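Structural description and commentary
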Amino acid sequence: MKNILVTIDFDKSEALLLDKAVQMAEAFGSKLWLMHIAAPDPDFVGYDVGPQYIRDSRAEDLRQEHRKLQEYSTALKKKGVVSEGLLVQGATIEMIIEESKKLNVDLIMAGHHQHGFFYNAFVGSVSAEIIKKSNIPVLIVPFE
């Protein structure tokens, strides 16, 4: 197992997911790809229409997310784990599947929060969708 993709959503539960990912990487000598999927830009961003403050705010959000991924990657490298952070914009499930193929990933790791019926009915579960659509093995780490 050479490459493990770890999906990070910056919800303050990623420490547990990263700990499990480090255990897997150390056991198999794997590289960790830490990936956060940022929401796609609104249609007007980058096209000189729409309010400047929204474009500026969006750019700052992306810079902060990128910085956080780099901090995680640097901390893992100090522990001796080969890692790299990826910030990708787009539809969450599709981008995870697409990037997994590009990176030759052997395992996808994702966290899972337990939600109620109405949340699952209207929003759905990212981890369940990854399992349905991926041909690559998926390891789900429960957060609760």
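Notes on the structure follow.

Now for the overall build of the protein chain. Scanning the protein chain from N- to C-terminus turns up five helices and five strands. When its helices and strands are written in sequence order, the protein chain yields β-α-β-α-β-α-β-α-α-β. By the burial criterion, 40% of the 144 residues in the protein chain qualify as buried. Residue pairs at least 24 apart in sequence account for 76% of intrachain contacts in the protein chain once pairs closer than 6 positions are excluded. With the model as given, the accessible surface of the protein chain reaches about 8500 Å², and the carbon-plus-sulfur share is 55%.

To continue, consider unusual backbone geometry. Unusually for a residue other than glycine, N104 sits at a positive phi of about 60°. For N104, the position within the fold is in the loop between α3 (92–102) and β4 (107–112).

Taken residue by residue, α3 has I93, M95, I96, I97, E99 and S100 as its buried positions. Against β1 (3–7), β2 (31–38), β3 (83–89), β4 and α5 (126–133) lie the buried residues of α3. Directly after α3, the chain includes N104, whose backbone phi takes a positive value near 60°.

Here the focus is helix α1 (residues 14–28). Compared with an ideal rise of 1.5 Å per residue, which puts 15 residues at 21 Å, α1 spans 21 Å between its outermost C-alpha atoms and is within 8% of the ideal. Residues of α1 that are buried include every one of E14, L17, L18, A21, V22 and A25, and no others. What you see down the axis of α1 is that its buried residues fit within an arc of 140°, all on one side. The outward face of α1, more than 90 degrees from its buried face, is lined by the exposed residues E26 and A27. Contacts made by the buried residues of α1 are with β1, β2, α2 (52–78), β4 and β5 (138–142). Downstream of α1 by a residue or two, G29 has a phi angle that is positive, lying close to 65°.

Conventions we followed
Residues numbered from 1 in each chain as written. Predicted model: local features only at pLDDT ≥ 70, side-chain atom pairs only at ≥ 80, totals over all residues. Heavy atoms only, no water. Helix = DSSP H or I, 4+ residues; strand = E, 2+ residues; numbered from the N terminus. Buried < 20%, exposed > 50% of the residue type's maximum accessible area, 1.4 Å probe, protein only. Contact = heavy atoms within 4.5 Å. Areas by Shrake-Rupley, 256 points an atom, 1.4 Å probe, with all protein chains shown as cover. Expected span 1.5 Å × (residues − 1). Arc of directions from axis to C-beta.

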